[in-house]
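Descriptive analysis of the structure
Letter by letter, the chains look like this.
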Amino acid sequence: MHDHNHGHDHDHGEPGWPWLLGSAIICGLATIAGVILQRTSAPPELALGLYAMAYLAGGWEAALDSLSNLRRLRLDIHFLMLAVAVGAAIIGAFWEGAALLFLFSLSGALEAMAMARTEREIRSLFNEAPKQALVVQGDGTTKEVAVNELAAGLRVRVLPGEQYPADGTVLSGESAADESSLTGESLPVEKATGDTVFGGTLNTWGVVELRVSREPGDSAHARIIRLIREAQASKAPSQRFTDRFGTSYTVGILGLSLVMFLWWHFAAGIPAFYSHGEGPSAFYRAMTLLVVCSPCALVISIPSAILAGIAAGARRGILFRGGVAVENLATVNRLAVDKTGTLTKGELELLSCEASVAGREDELIGIAATLSENSTHPLSRAIVKEAMRRNLGTKRALSDFESIAGQGLEGRVDGIEARQGRRAMFSGDPWLSALPDPEPGLTEVLVAAGDLKGRLLLRDAPRAEAAPLIRELEQQGIRVTMLTGDRQESAAVIAKELGLDDYRAGLHPGDKVAAIQQWRAEGEKVAMAGDGVNDAPSLAAADISIGMGLRGSDAVLEQADIVLTQDRLERIVDALKLSRRCRRIIRENLAISLGVVVLLGLAALGSRIALPIGVLGHEGSTVLVVLNSLRLLWR
């Protein structure tokens, strides 16, 4: 096996794949030249020199690896390969030894190439983070500093076309941020005073000053890269199975080969090193057995599939926190989802406007928006957004503004006294008694200005993709249950709209955890998807936790086994399909690699196989397994 660290250790002086490929090619060419020269009348020393060159080119990496392992008293497959190559040279089978090293170094190079491709897929997700930032000093001048020297609380100026150097809050200026690298959302997101910006995203058109809220190493961007690094390092359940093929297996195979050598020589009477026409020598047969029993393909079969799976996911905005997540998601048979922010958009939108005088709805919304502009309440934000959507841009004059806690807002709009808020604010008004209560799931805001009265009805709308997603998951054999802290009535409305039969309403975070524990006690495999701090305990309780969107809270990003960077629900189905394909490929890889070892091993024990065929079968299965894993990246 060619250590699985190829892909990751380039920074630590590991040779890159172009080096490995180059040496494999030199080794192959020298071997072919040696074979041709041996067949001609050229002096035999020439062929020997070429074989020596092939040995050097094909064996240096395995030799360095074996040395570093021997220092730690570990034997690995590189050691087996070298033992066989040296053994072949001892019995004069130079070209077999050189061919073995060629195939071994070639499959090592191909594997390093595959790992590098996986790594590149992941790196390409994060265009290099900015290196410098402009810090605004006390006297208003700016000074350029390295990004990694930024600390929380500093004031930073970001020019158009630059990346935000760290997560922060806008203090002045207006712009829009291209957050596609983080959330997958292609439209730029408007940014104004008080908004949050994320490090590594792009400032599109305005000059913005921001206060750094997190050190760059702790930004959402840096956290994702860290998540992927951790994921690559963490082991999957089936990978632990192949990790057992370390020193003990190598020692076992060496022992078996020695025993068979002694048996062939002393019991079967085959010459030890040189054959006299009655087939290969005992030593040659032992060497062949040694090659075909090396578990290269077996050892690489799982890590290669897991790494390709992690990269294929990252490319689609699905971050698996390691091999365990990739493998286990496929076993889930129930998905619990939080309502707000997961099945719904998590932001209110205006559904309808009822005005006491027909035709004056826009005027009513304009008045409400003027009052709302001075409030940060989610209802107010939704009203302002709707006014902007309808282009009710004529700024109205506002004076005597006051926000009454728990009731609403009041002030003079264009000189007329205006109020908006909940029913408690208008108690005793005769027009109220004529208004029926809003339907479940809707929130009402009452507005009165002079003779114009009315109400706005808002609701948290379900995501467009939620209903098809639920249908698709149920076809895949996964039951979807909505867990929400909302009132029974509004939960029922959303559930009906989404075609969900199974929901539980009025739950506290503790109740959600209890529901998940109950399902698990009944033997179900439960996945939980959520985005808010209140979901963190239930994410921790589930078998597999799925965090929605990077705008989700830190608690969720810390907890989740899988993070969906693009805040899109259908990514859950993508993750599930990817996990199932990855499991299938792991099973195929194990079948290929175990099958080849068993077949070739039996053939070698019966002396039915020549060393070059053994080498070809052995290295061929390794290459096959790596290519099979790369299928995960091709779609």
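Residues numbered from 1 in each chain as written. Predicted model: local features only at pLDDT ≥ 70, side-chain atom pairs only at ≥ 80, totals over all residues. Heavy atoms only, no water.

Now for the overall build of the protein. In terms of helices and strands, the protein carries 22 helices and 22 strands. Contacts in the protein between residues far apart in sequence, at least 24 positions, make up 66% of those at least 6 positions apart. Roughly 28,200 Å² of accessible area belongs to the protein as shown, and the carbon and sulfur atoms make up 58% of that amount. (Helix = DSSP H or I, 4+ residues; strand = E, 2+ residues; numbered from the N terminus. Contact = heavy atoms within 4.5 Å. Areas by Shrake-Rupley, 256 points an atom, 1.4 Å probe, with all protein chains shown as cover.)

Across the five residues of strand β21 (residues 544-548), five count as buried, placing the element largely inside the fold. Residues Ile544, Ile546 and Met548 line one face of β21 and the alternating positions Ser545 and Gly547 line the opposite face, and both faces are buried. Relative to β21, strand β20 (residues 526-530) is paired through four bridges, and the arrangement is parallel. Across the sheet, the residue bridging to Ala527 is Ile544, located in β21. By the bridge criterion, three bridges tie β21 to strand β22 (residues 562-564) in an arrangement that is parallel. Bridge pairing links Ile546 to Ile562 in β22. (Buried < 20%, exposed > 50% of the residue type's maximum accessible area, 1.4 Å probe, protein only. Pairing = 2+ DSSP bridges.)

In a soluble, globular protein the nonpolar side chains are often hidden away together inside. Core analysis: the biggest nonpolar cluster contains 51 residues, and Phe320, Leu335, Leu343, Ile546, Ile562 and Ile572 have the highest contact counts within it. In terms of residues, this core owes the most to one element, helix α21 (residues 570-605), which gives nine residues. In this structure, Tyr55, Ala57, Ala93 and Cys296 belong to the second largest nonpolar core, which totals 45 residues. (Core = buried A, V, L, I, M, F, W, Y, C linked by side-chain atoms within 4.5 Å.)

Relative orientation of the contacting elements helix α3 (residues 77-90) and helix α9 (residues 282-292) amounts to 155°, with a least axis distance of 10 Å. With respect to α9, the element α3 is oriented roughly antiparallel. Seen from above, α3 lies across α9 with left-handed handedness. Across from Leu80, Ala83, Val84 and Gly87 in α3, the residues of α9 making contact are Phe283, Met287, Leu290 and Val291. Classifying every residue of the contact of α3 with α9 gives seven nonpolar, one polar and no charged. (Axes fitted to C-alpha atoms, helices over the stretch in contact; angles between N-to-C directions. Parallel < 35°, antiparallel > 145°, perpendicular 65-115°, else oblique. Left-handed = near helix turned anticlockwise from the far one by under 90°. Nonpolar A, V, L, I, M, F, W, Y, C, P; charged D, E, K, R; others polar.)

The α-helix winds at 3.6 residues per turn, so residues separated by three or four positions along the chain end up facing the same way. With 20 residues, helix α10 (residues 296-315) ought to run about 28 Å at 1.5 Å a step, and its terminal C-alpha atoms sit 28 Å apart, in line with that. When you tally the buried positions in α10, you get 19 out of 20 residues, the bulk of the element. Backbone geometry just downstream of α10 places Gly317 in the positive-phi region, at approximately 80°. (Expected span 1.5 Å × (residues − 1).)

To continue, consider the packing of aromatic side chains. Applying the stated criterion to the full structure yields two aromatic pairs. Geometrically, the ring pair formed by Tyr51 and Phe94 is stacked, given 6.1 Å between the ring centres and 10° between the ring planes. You can see Tyr51 sitting in helix α2 (residues 44-71) and its partner Phe94 sitting in helix α4 (residues 94-123), a full 43 residues away along the chain. Between Phe261 and Phe283 the ring centres are 6.0 Å apart and the planes differ by 90°, which places this aromatic pair in the edge-to-face class. Of this pair, Phe261 sits in helix α8 (residues 247-267) while Phe283 is found in helix α9, placing the two residues 22 residues apart along the sequence. Residue Phe261 is classed as buried on the basis of its relative accessible area of 14%. Phe283 gets classed as buried once you look at its relative accessible area, which sits at 15%. (Phe/Tyr/Trp six-rings, centres within 6.5 Å; stacked < 30°, edge-to-face > 60°.)

So, on to the pattern of salt bridges. Following the criterion strictly, the structure yields 23 salt bridges and no others. One salt bridge in this structure joins Arg334 and Asp502, with 3.1 Å as the shortest N-O distance. You can see Arg334 sitting in strand β11 (residues 334-338) and its partner Asp502 sitting in the loop between α17 (488-498) and β19 (503-504), a full 168 residues away along the chain. Taking relative accessible area as the criterion, Arg334 reaches 4% and is therefore assigned buried. Note on Asp502: relative accessible area 18%, which makes it buried. (Salt bridge = Lys/Arg side-chain N within 4 Å of Asp/Glu carboxyl O.)

Positionally, Arg412 belongs in strand β14 (residues 408-413). Of the residues examined, Arg412 reaches a relative accessible area of 32% and is grouped as partly exposed.

A few words now on the UniProt feature "transmembrane region" (unreviewed entry) in the protein. Here the UniProt feature "transmembrane region" (unreviewed entry) sits at residues 17-37, 77-94, 245-266, 286-311 and 590-609. Measuring from the first to the last C-alpha atom of residues 17-37 gives 30 Å, for a span that is 100% helix and 0% strand. Structurally, residues 286-311 is divided into 88% helix and 0% strand, and its ends, taken at the C-alpha atoms, are 41 Å apart. (UniProt positions renumbered as here; feature names shortened; annotations may be inferred.)

Turning our attention to the sheet that holds strand β8 (residues 202-203). Across a sheet, paired strands are connected by hydrogen bonds in the backbone, their directions being either parallel or antiparallel. Pairing is antiparallel across the open sheet formed by three strands, whose spatial order is β6-β5-β8. The strands lining the two open edges of the sheet, one partner per strand, are β6 (189-191) and β8. As judged from the two bridges shared by strand β5 (residues 175-178) and β8, these two strands associate in the antiparallel manner. The residue bridging Asp178 from the neighbouring strand is Leu202, located in β8.

Moving on, we come to the side chain of Thr288. Residue placement: Thr288 occurs in helix α9. Apart from the residues within four sequence positions on either side, Thr288 is in contact with Ala604, Ile609, Ala610 and Leu611.

Here the protein averages 80 in pLDDT, and 84% of its residues register 70 or above. Per-residue pLDDT stays below 50 along residues 1-13; that stretch engages in 35 contacts with residues further than four places along the chain or on separate chains. (pLDDT = per-residue confidence, 0-100.)

With twelve residues, helix α13 (residues 361-372) extends 16 Å between its outermost C-alpha atoms, agreeing within 8% with the 16 Å of an ideal straight helix rising 1.5 Å per residue. Extensive coverage of α13 is indicated by the burial of nine of its twelve residues. Every buried residue belonging to α13 is among Leu364, Ile365, Gly366, Ile367, Ala368, Ala369, Thr370, Leu371 and Ser372, and all of these are buried.

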